[in-house]
Amino acid sequence: MKKVFITGASSGIGLAVAKLLVAEGHEVWGTSRNIERIPKMPRWHAVRLDLSDPRSIDQAFNAAVAEAGNFDVLINNAGAGHFDSAELLPLETITSQFQVLVFGQIQLMQRALAHMQTRGEGLIINVTSLASRLPVPFMAAYNAAKAALASFTMSIQLELGNSRVHVVDLQPGDIRTEFNEGVSKSATADTRYDAKITKTWEVVERVMKNAPGPDLVARHVLKLINADRPPPRITIGDLFQSKIAPLIFRFLPQRVRLWGLKRYYDL
Ligand SMILES: NC(=O)c1ccc[n+]([C@@H]2O[C@H](COP(=O)([O-])OP(=O)(O)OC[C@H]3O[C@@H](n4cnc5c(N)ncnc54)[C@H](OP(=O)(O)O)[C@@H]3O)[C@@H](O)[C@H]2O)c1
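Right, let's walk through the structure included here. Because the structure is a prediction, the values reported are computed rather than measured. (Residues numbered from 1 in each chain as written. Predicted model: local features only at pLDDT ≥ 70, side-chain atom pairs only at ≥ 80, totals over all residues. Heavy atoms only, no water.)

This brings us to the packing of aromatic side chains. If you walk through the whole model with that rule in mind, you get 10 aromatic pairs. Each ring, one from Phe 83 and one from Phe 138, has its centre 6.1 Å from the other, and the planes form 55°; the classification is tilted. With Phe 83 in strand β5 (residues 82-83) and Phe 138 in the loop between β6 (122-127) and α4 (140-160), this pair connects stretches of sequence that are 55 residues apart. Relative accessible area serves as the criterion here: at 3%, Phe 83 is assigned to the buried category. Aromatic side chains Phe 138 and Tyr 193 sit 5.9 Å apart centroid to centroid with 70° between the ring planes, which places their arrangement in the edge-to-face category. Placement of Phe 138 in the loop between β6 and α4 and of Tyr 193 in the loop between β8 (184-185) and α6 (194-209) is noted, with a sequence separation of 55 residues between them. You can call Phe 138 buried: its relative accessible area is 11%. Taken together, the ring pairs connect Phe 5, Trp 29, Phe 61 and Phe 71 into an aromatic cluster. In this arrangement the basic side chain of Lys 185 is found over the ring face of Trp 201, its NZ or CZ atom lying 3.6 Å from the centre. (Phe/Tyr/Trp six-rings, centres within 6.5 Å; stacked < 30°, edge-to-face > 60°. Helix = DSSP H or I, 4+ residues; strand = E, 2+ residues; numbered from the N terminus. Buried < 20%, exposed > 50% of the residue type's maximum accessible area, 1.4 Å probe, protein only. Lys NZ or Arg CZ within 6 Å of the ring centre and 35° of its normal.)

In structure tokens form, the structure reads like this:
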């Protein structure tokens, strides 16, 4: 039985992961900004956490670790996106995306790492995104924040060397969740990008509707938790997004990558 701290356990990927882990006999501390959204079940503890507030992050983690004693696994999963043209993005929106998707996640990872290093073992799973490598148009701050967390994760992997504390960069492609409903949009008066924004959002919604469900991610997370030497990075999604696109993209010149992405989003 492992003790697991998972953020964003009220919906989508986090909810599916928490459900599976509890069903497998693990004990889960799952977070939401509103703990009423966390299912009431044995071995499932609700924790209030808002990644936009650094004090909330420390309070949540300290209270949970005091109750649990220690955590074998941290899953940095919570997140939400913002959709608007990069040219017009207000600095405060970019800052807030980085607070939730990068700074808050790093804060939590550092707290967990301190405990895990003392015990000499542990697993941290950072849920970044395939968008860190194949950006979604009009989600510049989100793409950049996910790329930043992926790069930070790789740096920690280098520094940990052969430690028995493992950090995994889990990159979902499109997974059918409530994610699009949580995406915020700015009301700008500028109409230059309107047509492209509408087209891109149509593609984003269509792809999400046909994407695999979050149970797929949950099954992969369970495998990671049971592995002696988990892989440093995994990509999860349909066959095209998880295997074919990343493989092809690795060998293409940047100009061709951009051409492919513009075709994909009909821009
Ligand atoms: N679905 C996809 O296609 C996809 C693809 C790539 C990466 N991802 C990543 O996967 C992770 C989970 O997303 P999902 O698809 O499961 O979306 P979701 O269904 O919208 O769930 C998001 C979770 O994050 C929590 N959350 C949102 N903002 C938060 C904040 N400021 N502070 C604390 N918690 C917050 C929400 O909890 P409350 O609202 O209850 O607080 C919710 O539990 C995210 O990091 C997302 O970027 C998703």
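Using the criterion set out here, one finds six salt bridges in the structure. The shortest N-O distance in the salt bridge between Arg 119 and Asp 72 comes to 3.5 Å. Of this pair, Arg 119 sits in helix α3 (residues 91-119) while Asp 72 sits in the loop between α2 (54-68) and β4 (73-76), and the two are 47 residues apart along the sequence. Look at Arg 119 and you get partly exposed, because its relative accessible area is 38%. (Salt bridge = Lys/Arg side-chain N within 4 Å of Asp/Glu carboxyl O.)

For strand β7 (residues 165-172), the tally of buried residues reaches seven of eight residues, placing the bulk of the element in the interior. Here six bridges tie β6 to β7, and the two strands are oriented parallel to one another. Opposite Ile 124, over in β7, you have Val 167 as the bridge partner. After leaving β6, the chain enters α4 and then returns to the sheet as β7, a path that is right-handed. (Pairing = 2+ DSSP bridges. Right-handed = clockwise from strand over helix to strand, strands pointing away.)

The environment of the ligand is formed by 29 residues, the closest being Ser 10, Ser 11, Ser 32, Tyr 142 and Thr 177. Take Leu 51: an N or O atom from its main chain is 2.8 Å from a nitrogen atom of the ligand. Take Glu 178: an N or O atom from its main chain is 3.4 Å from an oxygen atom of the ligand. Burial of the ligand by the protein chains amounts to 94% of its free accessible area of 880 Å². (Near = heavy atom within 4 Å. Polar contact = N/O pair within 3.5 Å; in protein donor to acceptor, adjacent residues only side chain to side chain. Areas by Shrake-Rupley, 256 points an atom, 1.4 Å probe, with all protein chains shown as cover.)

Quick look at helix α7 (residues 215-226) now. Helix length check: α7 (12 residues) gives 17 Å between terminal C-alpha atoms against 16 Å at 1.5 Å per residue, within 8%. The complete set of buried residues in α7 reads Leu 216, Val 217, Ala 218, Val 221, Leu 222, Leu 224 and Ile 225. Elements that come into contact with the buried residues of α7 comprise α1 (12-23), β4, β6, β7 and β9 (233-236). (Expected span 1.5 Å × (residues − 1). Contact = heavy atoms within 4.5 Å.)

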